[in-house]
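# Coordinate analysis (summary)
What follows is each chain in one-letter form.
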Amino acid sequence: MKSKVYIETFGCQMNVADTERAATGLRKAGYELTATADSADVVLLNTCSVRERAERKVFRRIGEVRNRARKAGQEKPLIGVMGCVAQLEGSSIFANAPAVDLIIGTRATDRIQSLIERARGGEASVIDLDERQEGELWDVSPAERRSPYVAFVPIIEGCNKFCSFCIVPYSRGREKSRSAVEIVAEVERLRALGYKEVHLIGQNVNSYRPKSTEGLDRYAGATPFARLLRAVADTGMERIKFTTSFPRDFHPDIVSALEEHPNLCDWIHLPVQSGSDRMLKAMRRGHTADDYLRRVDAIRNSKRRLSLTSDVIVGFPGESEEDFEQTMRLVRSCEYDGLYIFKYSKRAGTPAAALANVIPESEKTARFMALESLQDSMQEKVYGNYVGRTVSVLVEKESARSKEDMTGHSTCHKVVNFGARQTQPGEIVEVLISQAKPYSLYGELVN
Ligand code: SAM
């Protein structure tokens, strides 16, 4: 009999997409996928290592799964670690967490079935950290997708940027772009299945560089990514979002593509990390604050009102009060629609881990709070500007706050709640915004 498998996902959209791909392969091979760890014979933890806290969570979770089985007097399920922690820490996980039976690297997603079979056959400490193999294709069944309306479509894996703080190039390897033909075919398939929105995802989507231009030949554009945007827009998929964009590779032609195609959504996520050139250099970002602001100008001068979000790291080694002030100034001038703020977290193996002038935790927290408070006040203004405007919303579910309300995301990627129980998840509706809250908008349905 085939085992019951439970996959728990931590971290970014790339991990969500990997889980969907792994689940597709497992179900095809005859495994049953379960919704909780309790009834599973195999528990796979798909892990994130971007910050130390995320990594610690995984080891806690391994202990919980083992102890739960022990308390219930059940045999311990096979425990596997997938994703970035697996790839980075490799076989040392077996020593640190003896309950673990399997280690599955970031490019071994399509080989999980055979790894499970080996562990079930009695082999101890099964590990696969190898590259993807010839013929392994991105294949995700709709049954495994997290939503029946919104689908993640990876277009590029890995990262070549080697920012000094970041573990991703080591955990996910070098950039590898999928062929445009494959991507467009997947979006067409999703559209035929009734999906309303796709997110083209990757660590740096705008660094997209496939081996051949096949599938892009009919589309103009200054970069392969700008051409891909036009090709995907041409499928007629109702809403297309993309994340994350890397500032150095952000060509203004992306803005032109958004102006030409209304189904390319009005949202750009462009992480800046710092407003200080000294810090940007130490972070090895390959751009200055001015380079970044020129990209922002292109976005702000667009004929369309484009929503802009970003990531910032506070407390990078050596960050002075003045460096931090420059970040505050940049955030003030960018008027972001949303900002993800991270306290710098030392990642072993990255160049920044060896840097001196470590910022004390208390100072990181103070800077985090100062920046958060600035962003909250900026965001109040940005969100307030939506009052009286109509936005297009993809209805997702009943609001958690009120049974009278439904919730969804706008094309500009804001959470919108609205009073209209007669709408169904999956519908696209127009909502007139009447109220701006700190992290969401509220409105009424427009007929
Ligand atoms: N590739 C994108 C880029 O660099 O523009 C972002 C990918 S990363 C998975 C998401 C965010 O996590 C980064 O933009 C950064 O702000 C944050 N991050 C990455 N490494 C970090 C670290 N060591 N400490 C704190 N935050 C970190």
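Criteria and thresholds
Residues numbered from 1 in each chain as written. Predicted model: local features only at pLDDT ≥ 70, side-chain atom pairs only at ≥ 80, totals over all residues. Heavy atoms only, no water. 1 Å grid on protein atoms, 1.4 Å probe; cavity = no way out; pocket = protein on both sides within 12 Å on 5 of 7 lines; lining within 4 Å. Points joined across faces, edges and corners; volume = space filled by probe spheres on them. Helix = DSSP H or I, 4+ residues; strand = E, 2+ residues; numbered from the N terminus. Nonpolar A, V, L, I, M, F, W, Y, C, P; charged D, E, K, R; others polar. Near = heavy atom within 4 Å. Polar contact = N/O pair within 3.5 Å; in protein donor to acceptor, adjacent residues only side chain to side chain. Areas by Shrake-Rupley, 256 points an atom, 1.4 Å probe, with all protein chains shown as cover. Buried < 20%, exposed > 50% of the residue type's maximum accessible area, 1.4 Å probe, protein only. Contact = heavy atoms within 4.5 Å. Pairing = 2+ DSSP bridges. Axes fitted to C-alpha atoms, helices over the stretch in contact; angles between N-to-C directions. Parallel < 35°, antiparallel > 145°, perpendicular 65-115°, else oblique. Disulfide = S-S within 2.5 Å.

### A word on the layout of surface pockets
Taken as a whole, the second largest pocket encloses approximately 600 Å³ of empty space. In terms of lining, the second largest pocket is formed by 22 residues, of which the most central are Glu 136, Lys 176, Ser 177, Glu 182 and Lys 211. Elements supplying a minimum of two residues to the lining of the second largest pocket: strand S8 (156-157), strand S9 (176-177) and helix H7 (180-192). Partitioned by chemical class, the residues of the lining of the second largest pocket number 7 nonpolar, 5 polar and 10 charged.

### Structural notes on the site of the ligand
In the vicinity of the ligand lie 17 residues, with Gln 203, Gln 273, Arg 285, Asp 311 and Ser 345 positioned nearest. At 2.7 Å, a side-chain N or O of Gln 273 approaches an oxygen atom of the ligand. A distance of 2.6 Å is found between an oxygen atom of the ligand and a side-chain nitrogen or oxygen belonging to Asp 311. When the ligand is considered free in solution it has 570 Å² of accessible area, and contact with the protein chains removes 93% of it.

### Considering the side chain of Arg 107
With respect to the helices and strands, the residue Arg 107 is situated in the loop between strand S5 (102-104) and helix H5 (112-120). Owing to a relative accessible area of 10%, Arg 107 belongs among the buried residues under this scheme. At a separation of 2.8 Å, a polar atom in the side chain of Arg 107 contacts the side chain of Thr 106. Only 3.4 Å separates the side chain of Arg 107 from the backbone oxygen of Ser 171, close enough to count as a polar contact. Other than its neighbours up to four places away in sequence, Arg 107 contacts Gln 87, Asp 130, Glu 131, Arg 132, Glu 136, Ser 171, Arg 172 and Gly 173.

### Observations regarding the sheet that holds strand S14 (residues 338-343)
Spatially, S12-S13-S14 is the arrangement adopted by the 3 strands of the open sheet, whose pairing is parallel. The open sheet terminates on both sides in strands that have one partner only, identified here as strand S12 (267-269) and S14. Between one strand and the next, the sheet's axes are offset by a mean angle of 15°, whatever the strand orientation. In this structure, strand S13 (residues 307-314) lies alongside S14, joined through 6 bridges in parallel fashion. Paired with Ser 310 across the strands is Leu 339, a residue of S14.

### Comments concerning the packing of helix H11 (residues 289-300) against helix H12 (residues 321-334)
Axis separation between H11 and H12 bottoms out at 11 Å; the angle between their running directions is 10°. Here H11 is positioned roughly parallel relative to H12, judged by the angle of their axes. Note on element contacts: H12 touches H11 through Leu 330, Ser 333 and Cys 334, opposite Ala 289, Tyr 292, Leu 293, Val 296 and Arg 300. Looking at the contact of H11 with H12, its residues break down into 6 nonpolar, 1 polar and 1 charged.

### Brief notes about the pairing of strand S19 (residues 440-445)
Put simply, side chains in a regular strand alternate between the two faces of the sheet. Direction of pairing for strand S17 (residues 415-419) relative to S19: parallel, over a ladder of 5 bridges. When the sheet's bridge partners are listed, Val 416 is paired in S19 with Leu 441. Pairing between strand S18 (residues 428-436) and S19: 5 bridges, direction antiparallel. The partner of Gln 435 across the bridge, within S19, is Tyr 442. Between S18 and S19, which follow one another and run antiparallel, lie 3 residues.

### What about the environment of Tyr 292?
Turning to its location among the elements, Tyr 292 is positioned in helix H11. Separated by 212 residues in sequence, Tyr 292 and Gly 80 place their C-alpha atoms 41 Å apart. When neighbours within four sequence positions are excluded, Tyr 292 is seen to be in contact with Pro 247, Leu 270, Pro 271, Val 272, His 287, Ser 310, Leu 330, Cys 334 and Tyr 336.

### Describing the state of the cysteines
Counted under the stated rule, the structure contains 0 disulfides. The cysteine Cys 12 is free of any disulfide, with Cys 48 supplying the nearest cysteine sulfur at 6.4 Å. Taking the relative accessible area as the measure of exposure, Cys 12 reaches 36% and is therefore partly exposed. Here Cys 334 stays unpaired: no disulfide links it, and the sulfur of Cys 412, its closest cysteine neighbor, is 17 Å away. Under the relative-accessibility criterion, Cys 334 is labelled buried at 2%.

### A closer look at helix H8 (residues 224-233)
Owing to its 3.6 residues per turn, the α-helix aligns residues three or four sequence positions apart on the same side. Extensive coverage of H8 is indicated by the burial of 10 of its 10 residues. All of the buried residues along H8 are Pro 224, Phe 225, Ala 226, Arg 227, Leu 228, Leu 229, Arg 230, Ala 231, Val 232 and Ala 233. Tucked into the core, H8 has its buried residues touching H7, strand S10 (197-201), strand S11 (239-243) and helix H9 (253-260).

### Quick look at empty space enclosed by the protein
One pass over the full model with this rule turns up 2 cavities of 30 Å³ or more. There is about 40 Å³ of room inside the largest cavity. Taken together, Asp 18, Asn 46, Met 82, Gly 83, Ile 104, Gly 105, Thr 106 and Thr 109 make up the full set of residues lining the largest cavity. Among the residues making up the lining of the largest cavity, the classes are represented as 2 nonpolar, 5 polar and 1 charged. Around the second largest cavity, the lining residues are Glu 335, Met 378, Lys 381, Val 382 and Asn 385. Counted by class, the lining of the second largest cavity contains 2 nonpolar, 1 polar and 2 charged residues.

### A closer look at the sheet that holds strand S4 (residues 78-82)
Here we have 6 strands laid out as an open sheet, ordered S2-S1-S3-S4-S5-S6, and parallel in their pairing. At either margin of the open sheet sits one strand with a lone partner, and together these are strand S2 (32-33) and strand S6 (126-128). Pairing geometry for S5 and S6, over 3 bridges, is parallel. Residue Ile 104 lies in a different strand from S6, and its bridge partner there is Asp 128. Its contacts with the sheet put helix H2 (residues 52-71) on strand S1 (4-9), strand S3 (42-47) and S4, and the angle it makes with S3 is roughly 170°. Contacting S1, S3, S4, S5 and S6, H5 crosses the sheet at an angle of about 165° to S5.

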